[in-house]
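Here is what each chain is made of, one letter per residue.
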Amino acid sequence: MEAQKVDMFIMSNGKYFESHHVNAIRNSLIAADDSKWPMLSVTQFNDPSTILIVSIFAGQLGIDRFMIGDTGLGVGKLLTCGGLGIWALIDWFMIQSATREKNMEKIQQILG
Amino acid sequence: MALTSNKLYVLIATACSVGYGWLFFNISESFTDFSNFRVCLIKEVTRIPCPSCGTTRGVISLTKGHFLDAIYTNPFSVLVAAIMIIAPIWIVLDVVKKKTTLFHFYQRAEKIIIKPKIAIPLIVLVLLNWIWNIAKGL
């Protein structure tokens, strides 16, 4: 893909990924075929800040985990009352990076 | 940090051991001083029970053989008790046989459960259970 297009993508979507992944994403986007672009440009990534807010208010019900696609862990959190409240508390600090990791998995699936 | 089979097994094993510890803490009479110790944030903040409130009480009823009491307290308790019994055995079997059947089952279940045809009825059931919990005043 063209470097300009890729940089535009990175500028508008960089916040959805871990900072140490951004460079690797940029390189693989430049190496990727142009046919991936339409798919990539319409993909919705989860915003870590939104998920953090959901986690703070509804983390005990596992809704944050459901939203990022960790259905199994979401069910686990729901059934155990947020892991006796402890898991829900830990997730306030973990969920943002978990969201970014999930976004990374998503982009890898598109490019893979 | 994708969920690998090892991570999942460690997570489930930890969850089960904490669960058994919590159950022992609640059953054992040596901790009666802490009988008011509650962990549910939602109930502490809003005074409204959450969908899984009453699960501990339900599992305790199950250990005493009162199946109907458990269902009445919270149907989730039967599910949680089943997971707490089956999961450790499954993990041990997988570790001994060096297989990852539980991990594959988990991944398949995740894919099935997310389909709207199955997810929507399940969400409705959880909500109904929640309403029932509030009505019962757990």
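For the structure, check the block above.
This text gives an overview of the structure that appears in the document. The structure presented is a predicted model; accordingly, all values stated were derived computationally and were not measured.

1. Examining the pattern of salt bridges
Residues and elements named next belong to chain A. Within this structure, the stated rule accounts for eight salt bridges over all chains. Residue R65 is joined to D70 by a salt bridge in which the shortest nitrogen-to-oxygen separation is 2.9 Å. Residue R65 is classed as buried on the basis of its relative accessible area of 7%. Between D70 and K102 there is a salt bridge whose closest N-O contact spans 3.2 Å. With a gap of 32 residues between them, D70 in the loop between helix 5 (63–68) and helix 6 (71–79) and K102 in helix 8 (residues 86–111) connect regions that are remote in the sequence.

2. Here we look at the interface of chain B and chain A
Facing the 23 residues of chain B at the interface are 18 residues of chain A. Carbon and sulfur atoms supply 77% of the area buried between chain B and chain A, which totals about 1,700 Å² over both sides. Applying the counting rule to chain B against chain A returns zero salt bridges. Mapped by element, the contributors of at least two residues to the side of chain B that touches chain A are helix 1 (5–27), helix 2 (41–46), helix 5 (76–97), helix 6 (101–113) and helix 7 (116–136) of chain B.

3. Quick word on the layout of surface pockets
Of the pockets and cavities examined, the second largest pocket occupies roughly 240 Å³. If you trace the second largest pocket, you find 14 residues lining it, with I56 and F57 of chain A together with L41, I42 and V45 of chain B closest to the centre. When contributions to the lining of the second largest pocket are tallied by element, the ones reaching two or more residues are helix 4 (48–58) and helix 8 of chain A together with helix 2 of chain B. In terms of residue class, the lining of the second largest pocket is built from 10 nonpolar, four polar and no charged.

4. Overview of the packing of helix 5 of chain B against helix 6 of chain B
All names here are of chain B. With their axes 8 Å apart at the nearest point, helix 5 and helix 6 run at an angle of 125° to one another. When the interaxial angle is binned, helix 5 and helix 6 end up oblique. Of the residues in helix 6, those touching helix 5 at W90, I91 and D94 are T101, L102 and F105. For the contact of helix 5 with helix 6, a count of residues per class yields four nonpolar, one polar and one charged.

5. Concerning a nonpolar patch on the surface
Residues and elements named next belong to chain B. A grouping of I112, I118, I120, L122, V124, L125, L128 and I131 is seen on the molecular surface, where their side chains present a nonpolar patch of about 710 Å² in accessible area. It is helix 7 that contributes the most residues to the nonpolar patch, seven residues altogether. Topologically, I120 is positioned in helix 7.

6. Looking at the packing of aromatic side chains
Note on aromatic pairs: each is described by the distance of the centres and the angle between the planes. Residues and elements named next belong to chain B. Across all of its chains, the model carries seven aromatic pairs over all chains by this definition. Judged by centre distance (5.6 Å) and plane angle (20°), the ring pair of W22 and F25 falls under stacked. Pair noted here: W22 and F25 are both in helix 1, with a separation of three residues, about one helical turn. On the accessibility criterion, F25 (21% relative accessible area) is partly exposed. Ring geometry for Y72 and W132: centres 5.7 Å apart, planes at 90°, overall edge-to-face. Residue Y72 is located in helix 4 (residues 67–73), and its partner W132 is located in helix 7; the two are separated by 60 residues in the primary sequence.

7. Focus on the side chain of D64 of chain A
Residues and elements named next belong to chain A. Along the chain, D64 turns up in helix 5. Among the residues examined, D64 registers a relative accessible area of 0% and is labelled buried. Once residues lying within four places of it in the same chain are set aside, the contact partners of D64 are I51, V54, S55, G59, K77, D91 and I95.

8. Describing the environment of D91 of chain A
Residue and element names in this part refer to chain A. Assignment of secondary structure puts D91 in helix 8. The buried category is assigned to D91, whose relative accessible area is 1%. The spatial distance from the C-alpha of D91 to the C-alpha of L52 is 8.7 Å, given a sequence separation of 39 residues. D91 has contacts with S55, D64, R65 and K77, leaving out every residue within four places of it along the chain. Within the local environment of D91, its side chain forms a polar contact with the side chain of R65, the two groups lying 2.8 Å apart.

Thresholds, definitions, all that
- Residues numbered from 1 in each chain as written.
- Chains lettered and ligands numbered in written order.
- Predicted model: local features only at pLDDT ≥ 70, side-chain atom pairs only at ≥ 80, totals over all residues.
- Heavy atoms only, no water.
- Salt bridge = Lys/Arg side-chain N within 4 Å of Asp/Glu carboxyl O.
- Buried < 20%, exposed > 50% of the residue type's maximum accessible area, 1.4 Å probe, protein only.
- Helix = DSSP H or I, 4+ residues; strand = E, 2+ residues; numbered from the N terminus.
- Contact = heavy atoms within 4.5 Å.
- Buried area = accessible area lost by both parts, 1.4 Å probe.
- 1 Å grid on protein atoms, 1.4 Å probe; cavity = no way out; pocket = protein on both sides within 12 Å on 5 of 7 lines; lining within 4 Å.
- Points joined across faces, edges and corners; volume = space filled by probe spheres on them.
- Nonpolar A, V, L, I, M, F, W, Y, C, P; charged D, E, K, R; others polar.
- Axes fitted to C-alpha atoms, helices over the stretch in contact; angles between N-to-C directions.
- Parallel < 35°, antiparallel > 145°, perpendicular 65-115°, else oblique.
- Patch = residues over 30% accessible without salt bridge, like charges linked within 9 Å, V, L, I, M, F, W, Y side chains within 5 Å.
- Areas by Shrake-Rupley, 256 points an atom, 1.4 Å probe, with all protein chains shown as cover.
- Phe/Tyr/Trp six-rings, centres within 6.5 Å; stacked < 30°, edge-to-face > 60°.
- Polar contact = N/O pair within 3.5 Å; in protein donor to acceptor, adjacent residues only side chain to side chain.

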